[in-house]
Amino acid sequence: MNEELIISGRENLMVDPQLHIWHWPIPLYLFLGGLAAGVLFFAALFYLLGKEDKYISAVRRVPFVAPFALVIGLAALFYDLNHKAYFWRLYTTIRLESPMSWGAWTLLVITTASFIWCALHIREIFPNWDWKYKWLKELEIFFNKYKKHLAWVMLIFAIITGVYTGILLSAFNARPLWNTSVLGPLFLASGLSAGAAAIVLASKNREERLLFTRLDMIILGTELFLIVHMFMGFLASTQVQIDAAHLFLGGEYTMVFWIFVVIIGIIVPGILDLMELKGRHIPAYIPGVLVLFGSLMFRFVFVFAGQVSRWLY
Amino acid sequence: MRYAMAVDTKKCVGCSDCVVACQTENDVPIGFCRDWVVERMDGTYPQLEVELRSERCNHCDNAPCVRCCPTGASHIVDGGIVVVSHNKCIGCGACIASCPYDARYPHPKGYVDKCTFCLHRVREGMKPACVAVCPTKCMYFGDLDDPNSDVSLVLKKRKYKTLIPEAGTKPQLYFLI
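The paragraphs below set out a description of the structure included in this document.

Let's shift gears to the pairing of strand β1 (residues 3-8) of chain B. Residues and elements named next belong to chain B. With six of six residues buried, β1 is to be regarded as a mostly interior element. Residues Tyr3, Met5 and Val7 point to one face of β1 and Ala4, Ala6 and Asp8 to the other, with burial holding for every one of them. As defined by bridge partners, β1 adjoins strand β8 (residues 139-143) across five bridges and the pair is classed as antiparallel. Pairing of Ala6 across the sheet is with Tyr140, part of β8. Relative to strand β10 (residues 173-176), β1 is paired through four bridges, and the arrangement is parallel. Considered in β10, the bridge of Ala6 is made with Tyr174.

Right under this line is the structure:
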């Protein structure tokens, strides 16, 4: 027998008996951030490819999801802070070794870019929109002139935001489940698939829907590949990471991970996407909603399970 | 200068005086603690071996909490002591998640709190409260760079270990075994 017990009675709130410092706002934000990143990535990409008129939903309409998602996500992050009055301290420094620091700056850039992008396309939603003030009109003309630059900024920062949502977690070596570099690309893929799903849900153009269904299927396949890769890495690693993997391989998060994230969130929509591409008619909202749901569950499962995983101690 | 602490697991009786001393000295809010005592039991009855450890922040040389802090609130001061500036901490919890020793906790006032090696006492030339109060004198504190400090002398004489060195944090809390 070997057993370790704290005998002096330590009951630090949110730390004991098991770490639970991050609650629902964090996974919710990670999902919304990933979704916004996915949506803005496709908008910028297809604009830069000169397909603005072909894929109207992707470039002009669905990006309106992003500012809402980002603002709600930021509000969730703010709500989660324990020392809220000092949140501005984030913006008095840039610390490159802290993902949360450069992530905060990235969010500032991508949120601003998403607002500008939507302002440039406001007439898609409100055809008779008038900016009323002259300086706003001039601002619109100015940004229209530099729209290409804006698209590049959006493209790059969308990728950084998508990767950041994963790196935020993978930087913590104290939580073995999070401490894998696959998490960056995995969260990016999950965000991109959510973005593609949102476009499929919103698009009324069959050609556009088929393109994003195909993209969604490819990204879901990549996600599955990365998940397998992650488990291979864990199982070939140290005892703490083997234990971390076992949270999903027989441990307390097994059911919720494999059923909600992998089967309902990745495999089923992937197969439905394939059937749609093979000519069967599948209502677009089924795979779309499943992918978004799976993406959200993925964040919840990962944030909560990661806090359970720890060093032998 | 490199402050460190050594705890003699053979002398510790697990009385938890160090915990109470810390709570009193540092006005730790009720229900929280910056240090704690761990009992490790090995073997099968009646062949049992017990190890008692008074634990706290390890004031790591490679501190993950300082690395991940987005505002620089967690930082290193004299002699490698890791402290948190209350007026810079936003209470995001990153440092709490990053600590493999779970040595930090969110203070009810919002900022993150932890052991400071009693920096205010150390700067006055005194020992940390836990060390000063220990009835079995099982704790040693001092400067590792000074070969004649309590901690340097005892680490020269005795076998010791650190906790989870494989986490790469280079902890500075030594346990004499």
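Here we come to the sheet that holds strand β9 (residues 160-161) of chain B. Residue and element names in this part refer to chain B. With mixed pairing, the four strands of this open sheet are ordered in space as β8-β1-β10-β9. In the strand order of this sheet, the two ends are held by β8 and β9, each with one partner. Across the sheet, helix α6 (residues 150-157) touches β1, β8, β9 and β10, and the angle it forms with β8 is around 115°.

This paragraph deals with the environment of Tyr160 of chain B. All names here are of chain B. Inspection of the secondary structure puts Tyr160 in strand β9. Residue class for Tyr160 comes out partly exposed when judged on the 15 C-beta atoms lying within 10 Å of it. Along the primary structure Tyr160 and Ala6 are separated by 154 residues, whereas in three dimensions their C-alpha atoms are 8.5 Å apart.

Facing the 39 residues of chain A at the interface are 43 residues of chain B. Listing elements by their share of the side of chain A that touches chain B, those giving two or more residues are β1 (2-6) and α4 (99-120) of chain A. Here the side of chain A that touches chain B takes five residues from β1 of chain A, the largest share from any one element. The residue inventory of the side of chain A that touches chain B, partitioned by class, reads 21 nonpolar, 10 polar and eight charged. Of the pairings in the sheet, the one linking β1 of chain A to strand β2 (residues 36-44) of chain B comprises five bridges and is antiparallel in character.

With that settled, consider the packing of helix α8 (residues 183-202) of chain A against helix α12 (residues 285-308) of chain A. All names here are of chain A. The geometry of α8 relative to α12 is characterised by a closest axis approach of 9 Å and an angle of 150° between their N-to-C directions. Classified by the interaxial angle, the pair formed by α8 and α12 is roughly antiparallel. With respect to the hand of their crossing, α8 and α12 are arranged in left-handed fashion. For the pair α8 and α12, contact is made by Ser190, Ser193, Ala194, Ala197, Val200 and Leu201 and by Tyr285, Pro287, Gly288, Val291, Leu292, Ser295 and Phe298, respectively.

Here Asp16 of chain A and Pro17 of chain A are connected by a cis peptide whose omega angle stands at -5°. Summarising the element assignment, Pro17 of chain A is placed in the loop between β1 and α1 (25-48). Cis peptide bonds are those with omega within 30 degrees of zero, and the linkage from Tyr45 of chain B to Pro46 of chain B qualifies with 0°. Position of Pro46 of chain B among the secondary structure elements: in the loop between β2 and β3 (47-55). Backbone geometry places Asp102 of chain B, a non-glycine residue, at a positive phi of 50°. Within the fold, Asp102 of chain B resides in the loop between α3 (94-98) and β6 (105-106). In this model, Lys137 of chain B sits at a positive phi of 50°, which is unusual for a non-glycine residue. Looking at the secondary structure, you find Lys137 of chain B in the loop between α5 (129-133) and β8.

Okay, the sheet that holds β2 of chain B next. The strand order across the open sheet formed by three strands is β1(A)-β2(B)-β3(B), and the pairing between neighbours is antiparallel. Here the strands that pair on one side only, and so sit at the sheet edges, are β1 of chain A together with β3 of chain B. Recorded for the sheet is a direction-independent mean angle of 15° between the axes of neighbouring strands. In this sheet, β3 of chain B lies alongside β2 of chain B in antiparallel orientation, the contact comprising nine bridges. Residue pairing in the sheet places Val37 of chain B in a bridge with Ser54 of chain B of β3 of chain B.

Let's shift gears to the environment of Leu277 of chain A. All names here are of chain A. By the element assignment, Leu277 lies in helix α11 (residues 254-277). Classification of Leu277 as partly exposed rests on a count of 13 C-beta atoms within 10 Å. C-alpha of Leu277 to C-alpha of Arg209: the two residues are 68 residues apart in sequence and 10 Å apart in space.

Right, let's get into helix α7 (residues 147-170) of chain A. The periodicity of an α-helix, 3.6 residues per turn, causes residues three or four places apart in sequence to face the same way. Spanning 24 residues, α7 of chain A covers 34 Å between terminal C-alpha atoms, matching the ideal 34 Å at 1.5 Å per step. Of all the bends in α7 of chain A, the greatest measures close to 35° and is centred on Tyr164 of chain A.

As a further point, take the packing of α4 of chain A against helix α6 (residues 134-145) of chain A. Residue and element names in this part refer to chain A. Two numbers describe how α4 lies on α6: the axes approach to 10 Å, and their chain directions differ by 105°. Relative to α6, the element α4 is oriented roughly perpendicular. On the side of α4, the interface is formed by Ile116, Ala119 and Leu120, while α6 contributes Glu140, Phe143 and Asn144. Taken together, the residues of the contact of α4 with α6 sort by class into four nonpolar, one polar and one charged.

Conventions we followed
Residues numbered from 1 in each chain as written. Chains lettered and ligands numbered in written order. Predicted model: local features only at pLDDT ≥ 70, side-chain atom pairs only at ≥ 80, totals over all residues. Buried ≥ 20, exposed ≤ 12 C-beta atoms within 10 Å, placed from the backbone. Helix = DSSP H or I, 4+ residues; strand = E, 2+ residues; numbered from the N terminus. Pairing = 2+ DSSP bridges. Contact = placed C-beta atoms within 7 Å. Axes fitted to C-alpha atoms, helices over the stretch in contact; angles between N-to-C directions. Nonpolar A, V, L, I, M, F, W, Y, C, P; charged D, E, K, R; others polar. Parallel < 35°, antiparallel > 145°, perpendicular 65-115°, else oblique. Left-handed = near helix turned anticlockwise from the far one by under 90°. Expected span 1.5 Å × (residues − 1). Bend = angle between axes of the 7 residues up to and from the residue.

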